[in-house]
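Structural characterization, general
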Amino acid sequence: MGFFRKSVLALLLPAASSMAQQPPTAPDVDALLHHLARPAPASTPFVEVHFSPLLSRPLIVSGEMEYDGPEALARTVDKPYSEHTEIHGDEVSVTRGSGKPRKFSLQHAPELKTLLSSFSALLGGNRQQLEQSFSLTVSGDEAHWSMVLTPRDSRVTQRVARITVNGAAARPRCMITTAPDGSVTVMLMEEAAQTAVPPDIDRAALDKVCH
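Report follows, based on the coordinates.

Basis of the calculations
Residues numbered from 1 in each chain as written. Predicted model: local features only at pLDDT ≥ 70, side-chain atom pairs only at ≥ 80, totals over all residues. Heavy atoms only, no water. Helix = DSSP H or I, 4+ residues; strand = E, 2+ residues; numbered from the N terminus. Buried < 20%, exposed > 50% of the residue type's maximum accessible area, 1.4 Å probe, protein only. Contact = heavy atoms within 4.5 Å. Areas by Shrake-Rupley, 256 points an atom, 1.4 Å probe, with all protein chains shown as cover. Disulfide = S-S within 2.5 Å. Core = buried A, V, L, I, M, F, W, Y, C linked by side-chain atoms within 4.5 Å. Expected span 1.5 Å × (residues − 1). Pairing = 2+ DSSP bridges. Axes fitted to C-alpha atoms, helices over the stretch in contact; angles between N-to-C directions.

**A look at the overall build of the chain**
- Each helix and strand counted, the chain has six helices and eleven strands in total.
- Sorting the 211 residues of the chain into buried and exposed places 38% on the buried side.
- A separation threshold of at least 6 residues defines the contact pool for the chain, and within that pool the share at least 24 residues apart is 39%.
- For the chain, the exposed area adds up to about 12,300 Å²; of that, 56% sits on carbon and sulfur atoms.

**A short note on the state of the cysteines**
- Summed over the entire model, instances satisfying the criterion amount to one disulfide.
- A sulfur-sulfur separation of 2.2 Å characterises the disulfide bridge that pairs Cys174 with Cys210. Measuring handedness by torsion sign, the sulfur bridge of Cys174 and Cys210 sits at about -95° and is left-handed. Here Cys174 is found in strand 10 (residues 171-178), whereas its partner Cys210 is found in helix 6 (residues 203-210), with 36 residues between them in sequence. In terms of burial, Cys174 and Cys210 fall into one category: buried.

**A look at the nonpolar core**
- Judged by nonpolar contacts, the single largest core of 32 residues is most densely connected at Phe119, Leu122, Met147 and Met175.
- When residues of this core are assigned to their parent elements, the largest contribution, five residues, is made by helix 3 (residues 110-124).
- Residues contacting Phe119, with those up to four places away along its chain left out, are Met65, Leu73, Met175, Met187 and Met189.
- Within the second largest apolar cluster, 14 residues are counted, among which are Phe51, Ala192, Ile201 and Cys210.

**Remarks on helix 3**
- With 15 residues, helix 3 extends 20 Å between its outermost C-alpha atoms, agreeing within 8% with the 21 Å of an ideal straight helix rising 1.5 Å per residue.
- Within the span of helix 3, buried status applies to Glu111, Thr114, Leu116, Ser117, Ser118, Phe119, Ser120, Ala121, Leu122 and Leu123.
- Positioned one or two residues after helix 3, Gly125 has a phi angle of 65°, which is positive.

**Focus on the side chain of Glu190**
- The topology assignment puts Glu190 in the loop between strand 11 (184-189) and helix 6.
- Ignoring anything within four residues of it in the chain, the contact list for Glu190 reads Arg38, Thr44, Pro45, Arg171 and Pro172.

**Some details on the pairing of strand 3 (residues 72-79)**
- The pairing of strand 2 (residues 59-69) with strand 3 spans seven bridges and is classified as antiparallel. Counted as the bridge partner of Tyr67 is Leu73 from strand 3.
- From the end of strand 2 to the start of strand 3, which pair antiparallel, there are two residues.
- Relative to strand 4 (residues 83-88), strand 3 runs antiparallel, the two being bridged by six bridges. What sits directly across from Ala74, in strand 4, is Glu86.

**What about the environment of Arg203?**
- Summarising the element assignment, Arg203 is placed in helix 6.
- What makes Arg203 partly exposed here is its relative accessible area of 30%.
- For Arg203 and Val186, which are 17 residues apart along the polypeptide, the C-alpha to C-alpha distance reads 9.0 Å.
- Sequence-distant contacts of Arg203, defined by excluding residues within four places in its chain, comprise Phe51, Val184 and Val186.

**With respect to the sheet that holds strand 7 (residues 134-140)**
- An order of 6-5-4-3-2-1-11-10-9-8-7 is seen for the eleven strands of this open sheet, with the pairing classed as antiparallel. Each edge of the open sheet is held by one strand with a lone partner, namely strand 6 (102-105) and strand 7. Taking each pair of neighbouring strands and ignoring which way they run, the sheet shows an average axis angle of 20°.
- Note: strand 9 (residues 162-168) against strand 10, seven bridges, orientation antiparallel.

**Some points on unusual backbone geometry**
- Residue Pro41 follows Ala40 across a cis peptide bond; omega there is 0°.
- The topology assignment puts Pro41 in the loop between helix 2 (29-36) and strand 1 (42-51).
- Residues Lys79 and Pro80 are joined by a peptide bond in cis, for which omega reads 0°.
- One can find Pro80 in the loop between strand 3 and strand 4.
- Even without being glycine, Ala169 reaches a positive phi, approximately 55°.
- Mapped onto the elements, Ala169 comes out in the loop between strand 9 and strand 10.
- For Ala169, a relative accessible area of 48% puts it in the partly exposed group.
- Phi is positive for Glu190, close to 50°, though the residue is something other than glycine.
- What makes Glu190 buried here is its relative accessible area of 14%.

Rendered as structure tokens:
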């Protein structure tokens, strides 16, 4: 009987070892988008950190994003200045401080329209809308994942090289927008937006927050 047990263990152990060494499976795109979807109206605090070769230190702003449906978004900056932006369809209104609203059409800013549509599609869990403007790649596992969105429009790629969304389980933590000139904007969302961000934070420290 002892020999039999040893023989069975000898057969099972290599299989168990092989299973343990298998890399984690990347989350399914549809399932991930379903988890990310937020029914309108929805809002989330954000902290946005902008790194640029032209800046000696990052520019940091914070406020709240509001999602009122596929065609309606609002962004309110509270610090270090006051600014409110509303998007309804292709029309944008921007009010800084107590000044008068400035209005323009997204038809004249295709890169901005693509960025806004990506944010709206993520909150709406709309894969079809995302894939109209981006190719999608998902890596990681269900606990810690990354979704990379690469723009399809050549006009957009002149301003935006890629957008990376990092998250944990069913919650996004960061949206990272990388420009061809090396500028990077990191938006901390939901729980990650509660993190204290020092004025001299660097990319390495911010990456730890995102992951």
